[in-house]
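Below are the chains, spelled out letter by letter.
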Amino acid sequence: MVSPQRAERIPLIALFFLCYVIKVQAVSYRERPESLAVREGQTVTLRCAFIGLSTQSVVIWEGPPNFNVMSTDRNVDSLYKRHRITGNSGRGEYSMEIKDVQVSDAGGYRCSTLGLQEKAEMMLQVIVPMKKAPKIIVSDIRITAGQSLTLSCRTTEGSPLPTLTWFNGTTQVQQSNEELTDDRSIASLDLVLPELTRWDHGRNFTCVADQGHPELAPLTASSTMLNVKYSPVVRIRSQSIRASEGETLDLSCDVDSNPPATVTWRKLGGDIPTNAENRGGTLRLPTLDRTAAGVYQCQANNGIAPSGLGSATLTVQYPPHITSNFNRKTSPFVGQEAFSLLCEAEGYPEPRVRWRRKGTKLYFGNPLQFSRIDYDMEGDYECVASNGQMRDAVRQIFLDVRGKPYINTVSLKVSVRSGDTARLVCEILSDPLPEETRWLRRGPGQQDKPVTASQRPGIREEETTSPRGVTNTLVISHVGRSDGGVYVCETTNTFGTFQREFNMEVKDTNTQAVVIASITVIVLLILFATIFICIAKRTGLSAGVKREKATSSSLTASRALPPLPPYLNSRSVPAMDPDDMDGLELQDFNGTLKPRPPPRMDKQPYSIGLSYPSRFDAPPPALLHCGETEAGRGGQHGGLALPGRSVGNRGFHDSPGTSTQRSPGEKDRQQCSVLNR
């Protein structure tokens, strides 16, 4: 049995144990160990710190290989010469420092103490940089377009082994999976190009090795540039070339090939001009002529089939050239039908061929066709060939019309007065010139008799010669009625005879008609002079009468008053006293006195331009009677006047101001004269 004293001690021991356990379990990490990467040969500190450690707490570090105990509390095992514990124990700091880190130091580490629910682990990675760049291996040294190619990138350098990546320039290339050997001592990555083209020539492929920590081990890379061999590709800069005759031309042939190709030139269907210069990709043709036109072919060969070919068509422009070999002169006959002249020419562009008469701008087609030849068509004609870009080609031909004579006179009827000189003009077109030209007079029975100077005096012939023929003129002086009739101009040359009739009409001189015409002209002149004098006198007499009427103060006895108008007869208005008629204003129309129209009652009777349909009212006080002055002198009432104004036939008009001073009586007489007028 347990004694009572021991029974009392058991709870106390349990209490102390519980407190100890609670105290131990209260330990935790203040700084947990974290994985690190360090470069080989450097010093690294693996940090570890706790909270709640007691004086009895023991901190243990475990490490590679297989988490062997490396230290207890602050004591490091003697096997680890480069290791030590650092930090303030009183603050729970138990960090491990490793100097001159080696690859063997890489692995897992644990820092722990009693009472931790979970032991923190960390990984230490020791980086050994690559000493050499990765190596690129090409599967086939002879690379030709159309084949496949494999590029291999390999490396044994570095720890850990790097990750390999392919780049085409700066673009990452889709690649095969990276392969590692079983012992992880070699890293390898292949790039497969299934079919090469000429565009792959000169491409730069780069293999980049990355160990994952560029701050500790920089990236390393290797590059290779593809040398792809391919057959020539030929490009002609211009496949259709136009040049002018006399110019120098360079035909260029651009060749793309690897290796470089040899370029040769040839002309299809002909020979290259002898003065041509072959400069490889350029063929120089100096001083072009029209024979240089054609198709030129450039051929490039570098030993890889197929050869490259390119063609260019050369067109040489040259001025028109007339190829027709017609004579300088051609001689058709008069009357010949369907005569034509054909002109042929060459040139580039193809020339347009036309005809024109020399000295004119009227063009005809080619061939030049004449429906019927006559002498008017004789002359110089020009064949003109033009292509619109260079000078025209012109060749001239003279159309020499030959045949029997032809009389070209237009006027075949001549009228002449008796006693005058008659001229019958016979214009003869003839080639050759007429051998004989004579005049005949046709008598009764259509009998023609020669006209000669021996028949009567005053008959002669005048003849002039021109390149186109002869003009023969029959001159008959002092023509009489017996000279009238039909005359015939007859001309003859080697090819025949031609006649033309002239009808001469002789008219008598009519003296009586001339006398009558002269007398008629004289009578008309006298009549016109008389009419003019009468008009002048009449005009002067009327002016004198008007002046005399203006100076008189009343109507003369020789001029009676006209009868009253219908609207003033006894039926419409009361009879007027003769004395009251002095107030009736009269008008003078071409020497006849006529009363003015009656005044209108609805308007002022003295308004300008009004007609007066009713009786005449008395003038306003402001008006003066004709013959009275402003001072009230008496006179007859022959009209009305306003002070300072003159009265005209059609209304009142302001008298223009003048520097001439007039007496009151003179002004009144002038105003009355205007009214009477």
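Calculation rules
Per-chain numbering applies: the sequence of each chain, read as written, is numbered from 1 onward. In view of the model being predicted, local features appear only for residues whose pLDDT reaches at least 70, and side-chain atom pairs are presented and counted only at 80 or more, with totals across whole chains, interfaces and linings using the full set of residues. Hydrogens and water are ignored here; the side-chain numbers use all heavy atoms of the structure. Throughout, a disulfide means two cysteine sulfur atoms within 2.5 Å of one another. Helix and strand assignments come from DSSP, with helices taken as H or I runs of at least 4 residues and strands as E runs of at least 2, each series counted from the N terminus. Exposed residues in this analysis have more than 50% of their type's maximum accessible area, buried residues have under 20%, and partly exposed residues fall in between, with area computed by a 1.4 Å probe over protein chains only. Whether two residues touch is decided by their heavy atoms; if any such pair falls within 4.5 Å, the residues are in contact. Strands qualify as paired when DSSP identifies two bridges or more between them. Salt bridges, as used here, are contacts in which a Lys or Arg side-chain nitrogen is within 4 Å of a carboxyl oxygen on Asp or Glu. Remark: nonpolar core denotes a set of buried residues (Ala, Val, Leu, Ile, Met, Phe, Trp, Tyr, Cys) joined through side-chain atoms within 4.5 Å. Any N or O atom pair separated by 3.5 Å or less is treated as a polar contact, with the protein-specific requirement of one donor-capable and one acceptor-capable atom, and with residues adjacent in sequence counted only for side-chain atom pairs. The residues that make up patches have over 30% relative accessible area and no salt bridge, and they are joined within 9 Å when like-charged or within 5 Å when they are Val, Leu, Ile, Met, Phe, Trp or Tyr. Per-residue and other accessible areas follow the Shrake-Rupley method at a 1.4 Å probe size, with only the shown protein chains counted as cover for residues.

A. Inspection of the state of the cysteines at higher detail. Taken as a whole, this structure holds five disulfides when the rule is applied. A disulfide bridge connects Cys 253 with Cys 298, and the sulfur atoms are separated by 1.9 Å. Residues Cys 253 and Cys 298 are joined by a disulfide whose S-S torsion is about -70°; by sign, that bridge is left-handed. Of the two residues, Cys 253 sits in strand β22 (residues 249-258) while Cys 298 sits in strand β26 (residues 294-301), which places them 45 residues apart along the sequence. Exposure class is identical for Cys 253 and Cys 298. Each is buried. There is a disulfide in this structure between Cys 426 and Cys 489, and the S-S distance comes to 2.1 Å. An S-S torsion of about -85° defines the bridge between Cys 426 and Cys 489 as left-handed. Taken as a pair, Cys 426 in strand β38 (residues 422-431) and Cys 489 in strand β43 (residues 485-493) lie far apart in primary sequence, 63 residues in all. Neither Cys 426 nor Cys 489 differs from the other in exposure class; each is buried.

B. Just the side chain of Glu 97, in detail. Inspection of the secondary structure assignment puts Glu 97 in strand β9 (residues 95-98). Ignoring sequence-local partners within four residues, the contact set of Glu 97 consists of Thr 43, Val 44, Thr 45, Arg 82, His 83, Arg 84 and Thr 86.

C. Geometry of the sheet that holds strand β15 (residues 171-172). Sheet architecture is open: four strands sit in the order β15-β14-β18-β19, paired in antiparallel fashion. Looking at strand neighbours, the two that pair on one side only are β15 and β19 (220-225), the edges of this open sheet. Examined bridge by bridge, strand β14 (residues 163-168) and β15 share two bridges and lie antiparallel to one another. Note on β15: the bridge partner recorded for Asn 168 is Thr 171.

D. Focus on the pattern of salt bridges. Summed over the entire model, instances satisfying the criterion amount to 27 salt bridges. The partner of Arg 203 in a salt bridge is Asp 200, and the shortest N-O contact between them spans 3.0 Å. Judged by its relative accessible area of 33%, Arg 203 is partly exposed. Accessibility expressed as a relative area gives 10% for Asp 200, which makes it buried. A salt bridge links Glu 245 to Arg 290; the nearest nitrogen and oxygen atoms lie 3.2 Å apart.

E. Inspection of the nonpolar core at higher detail. In terms of nonpolar packing, the biggest core is built from 23 residues, with Leu 46, Phe 50, Trp 61, Ile 98, Tyr 109 and Leu 124 touching the most fellow members. Counting residues per element, the ones that place at least two in this core are β3 (44-46), β5 (59-63), β9, β10 (107-113) and β11 (120-127). The greatest single-element share of this core, amounting to four residues, is contributed by β11. Contact partners of Leu 46, with chain neighbours within four places excluded, come to Leu 36, Trp 61, Ser 95, Met 96, Ile 98, Tyr 109, Met 122 and Leu 124. Counting residues in each nonpolar core, the second largest holds 20 residues, with Leu 341, Leu 368, Ile 373 and Ile 397 among its members.

F. Highlighting the environment of Asp 190. Assignment of secondary structure puts Asp 190 in strand β17 (residues 187-193). When the C-alpha positions of Asp 190 and Leu 151 are compared, they lie 5.6 Å apart, and in sequence the two are 39 residues distant. Among the polar contacts made by the side chain of Asp 190, one reaches the side chain of Ser 152 at a distance of 2.6 Å.

G. How the structure looks around a nonpolar patch on the surface. Together, Leu 524, Leu 527, Phe 528, Ile 531 and Ile 535 make up a nonpolar patch on the protein surface, roughly 490 Å² of accessible area in all. The residue Leu 524 is located in helix α2 (residues 511-551) in this model. For Leu 524, a relative accessible area of 41% corresponds to the partly exposed category.

H. Focus on the pairing of strand β27 (residues 308-322). In terms of burial, β27 is largely enclosed, as 11 of its 15 residues are buried. One ladder, built from five bridges, connects strand β21 (residues 240-244) with β27; its direction is parallel. Opposite Arg 242, over in β27, you have Thr 315 as the bridge partner. The pairing of β26 with β27 spans seven bridges and is classified as antiparallel. Counted as the bridge partner of Gln 299 is Leu 309 from β27. In this antiparallel pair of consecutive strands, β26 and β27, the connection spans six residues, and Gly 303 shows a positive phi of 90°.

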